[in-house]
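Here are the chains, one letter per residue:
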Amino acid sequence: MSRSSPTPVPYFADHARGFESFRFVYPVVSRRSGGISLGVNLNPDKVCNFDCIYCQVDRTRAPQERFVDLPRLLQELEQGLELVLGGRLFEHPRFAQVPQQLRTLQDMAFSGDGEPTTYSNFDQIIQQCVEVKRRAGVPQLKMVLITNATMFHRPVVQRGLRLLDENQGEIWAKLEWGTEAYYRLVTQSSIPMNRVLQNITEAARERPLVIQSLFMRIHGQEPPEEEIAGYCGHLERILQGGGQIARVQVYTVARPPAQRFVEPLSLETLAQIAQQVHRRCGLAVQWFGPHGAEGQLG
Ligand code: SF4
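Residues numbered from 1 in each chain as written. Predicted model: local features only at pLDDT ≥ 70, side-chain atom pairs only at ≥ 80, totals over all residues. Heavy atoms only, no water.

Here we come to the overall build of the chain. Regarding its fold elements, the chain presents eight helices and 11 strands. For a compact globule of 298 residues, the expected C-alpha radius of gyration is about 19 Å, and the chain comes in at 18 Å, within 12% of that figure. In terms of its C-alpha atoms, the chain occupies a principal-axis envelope of roughly 50 × 40 × 35 Å. Split into buried and exposed, the 298 residues of the chain put 55% on the buried side. (Helix = DSSP H or I, 4+ residues; strand = E, 2+ residues; numbered from the N terminus. Rg over C-alpha atoms; globule rule 2.2 N^0.38 Å. Buried < 20%, exposed > 50% of the residue type's maximum accessible area, 1.4 Å probe, protein only.)

A few words now on the site of the ligand. Residues in close proximity to the ligand include Cys48, Phe50, Asp51, Cys52, Tyr54, Cys55, Gly114, Asn148 and Lys174, which together make up its full environment. Here the shell around the ligand is composed, by residue class, of five nonpolar, two polar and two charged. (Near = heavy atom within 4 Å. Nonpolar A, V, L, I, M, F, W, Y, C, P; charged D, E, K, R; others polar.)

Glycine aside, negative phi is the norm for most residues, and most peptide bonds take the trans geometry. Of note, Ala149 is a non-glycine position whose phi angle comes to about 65 degrees, a positive value. Assignment of secondary structure puts Ala149 in the loop between strand E4 (142–147) and helix H4 (155–166). Exposure remark for Ala149: the relative accessible area of 0% places this residue in the buried category.

In this model, H4 (12 residues) spans 17 Å end to end at C-alpha, consistent with the 16 Å of a helix rising 1.5 Å per residue. Within H4 the residues assigned to the buried category are Val156, Val157, Gly160, Leu161, Leu163 and Leu164. Buried residues of H4, seen end-on, are gathered within an arc of 160 degrees and therefore sit on one face of the element. Of the exposed residues in H4, the ones pointing more than 90 degrees away from its buried face are Pro155 and Glu166. Looking at the buried positions of H4, the neighbouring elements they touch are strand E3 (105–110), helix H3 (122–135), E4 and strand E5 (169–174). Immediately beyond the C-terminal end of H4, within one or two residues, lies Gln168, with a positive phi of roughly 60 degrees. (Expected span 1.5 Å × (residues − 1). Arc of directions from axis to C-beta. Contact = heavy atoms within 4.5 Å.)

What follows is about the pattern of salt bridges. In this structure the tally under the stated criterion is 14 salt bridges. Two residues, Glu206 and Arg162, come together in a salt bridge whose shortest N-O distance is 2.8 Å. Of this pair, Glu206 sits in helix H6 (residues 193–206) while Arg162 sits in helix H4, and the two are 44 residues apart along the sequence. Judged by relative accessible area, Arg162 falls into the partly exposed class, the value being 35%. Each of Arg162, Asp165, Glu206 and Arg207 takes part in one network of salt bridges that share partners. (Salt bridge = Lys/Arg side-chain N within 4 Å of Asp/Glu carboxyl O.)

On to the sheet that holds strand E6 (residues 209–214), then. Strand pairing in a sheet is mediated by backbone hydrogen bonds. Such pairs are either parallel or antiparallel. Pairing is mixed in the open sheet, where nine strands are placed in the order E1-E2-E3-E4-E5-E6-E8-E10-E11. Strands at the two margins of the open sheet, each flanked by one partner only, are strand E1 (25–30) and strand E11 (292–297). Put simply, the sheet's adjacent strands are angled 25 degrees from each other on average, direction ignored. Pairing of E4 with E5 involves five bridges; the strand directions are parallel. Following the sheet pairing, Ile146 is matched in E5 by Trp172. Along the sheet face, H6 touches E5 and E6 and points at about 150 degrees away from the line of E6. Most of the contacts of helix H7 (residues 225–240) go to strand E8 (residues 245–251), to which it runs at about 165 degrees, and overall it touches E6 and E8. (Pairing = 2+ DSSP bridges. Axes fitted to C-alpha atoms, helices over the stretch in contact; angles between N-to-C directions.)

Before going further, it helps to spend a moment on the packing of aromatic side chains. By convention here, two paired aromatic rings are described through the distance between centres and the angle between planes. Scanning the entire structure with this criterion turns up three aromatic pairs. Between Phe50 and Tyr183, the ring centres sit 6.0 Å apart and the planes meet at 75 degrees, which makes this aromatic pair edge-to-face. Of the two residues, Phe50 is situated in the loop between strand E2 (35–40) and helix H2 (70–85) and Tyr183 in helix H5 (residues 180–187); the sequence distance between them amounts to 133 residues. For the pair Phe50 and Tyr183, a shared accessibility class is recorded, and that class is buried. Their ring planes at 80 degrees and their centres at 4.9 Å tell us that Trp177 and Tyr183 sit as a pair that is edge-to-face. Taken together through their ring pairs, the aromatic side chains of Phe50, Trp177 and Tyr183 make up a single cluster. (Phe/Tyr/Trp six-rings, centres within 6.5 Å; stacked < 30°, edge-to-face > 60°.)

Written as structure tokens, this is what we have:
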């Protein structure tokens, strides 16, 4: 496996949360969405129930907000949709260099500065965002939930997931480890790994999930082979347990990570992991370097 590290490109590396006067909604050019994604930040306090060593949330700056101001969030979402759909976003210096092929609005994404499903009225906020996209004339716009899957067992989250199912939702659930020890190293969490695996399996029985898997070098070391083998084993067991997986995204860090000892993985190694997943699990796999989509199998 190669040890060369790819260099990020500016527009993929810029996922700044602040845009003009916006506090909760932020447009980004997303590698994995393949264009403009309108982020919705349900964790402006920057608190997360994981503490991933690769986390690319900028916690060097204090949060500007502690709580979600719902009317303001919905207003920003409406304005954000107008900005992108009307093309005015690309007059802004941060977006003026974005190539034409990446200027399409791909989705609104519940992501932000923590785990979105920890938001207490998760189902209600999803419903209100559905209404905004309908009013904006884009009822078919995809709604992506970027999640660590730790809260799927909660009824309020299950209701939110079903609302997403009914409204062009796509759930991108994090799974990127084999052993409990590596899971704990990566997430720094006390939530048991099996809780997450069980949540993913049960949610995947109801609808196909997208599995998102970030791999990195830690202290210069690529992920050990046993972790990749164990990770493939988890994917196999989800399928054997009746879960559906739409596709797997294998990617690496593109922005400064929480810990300095974390570095991007080489494109060659990302491709090798993707091939292993495809070969062993028969799943569709995409892989992404800091420059965007690099390949696809299945
Ligand atoms: S789950 Fe996401 S937001 Fe939370 S620490 Fe991990 S990468 Fe950061």
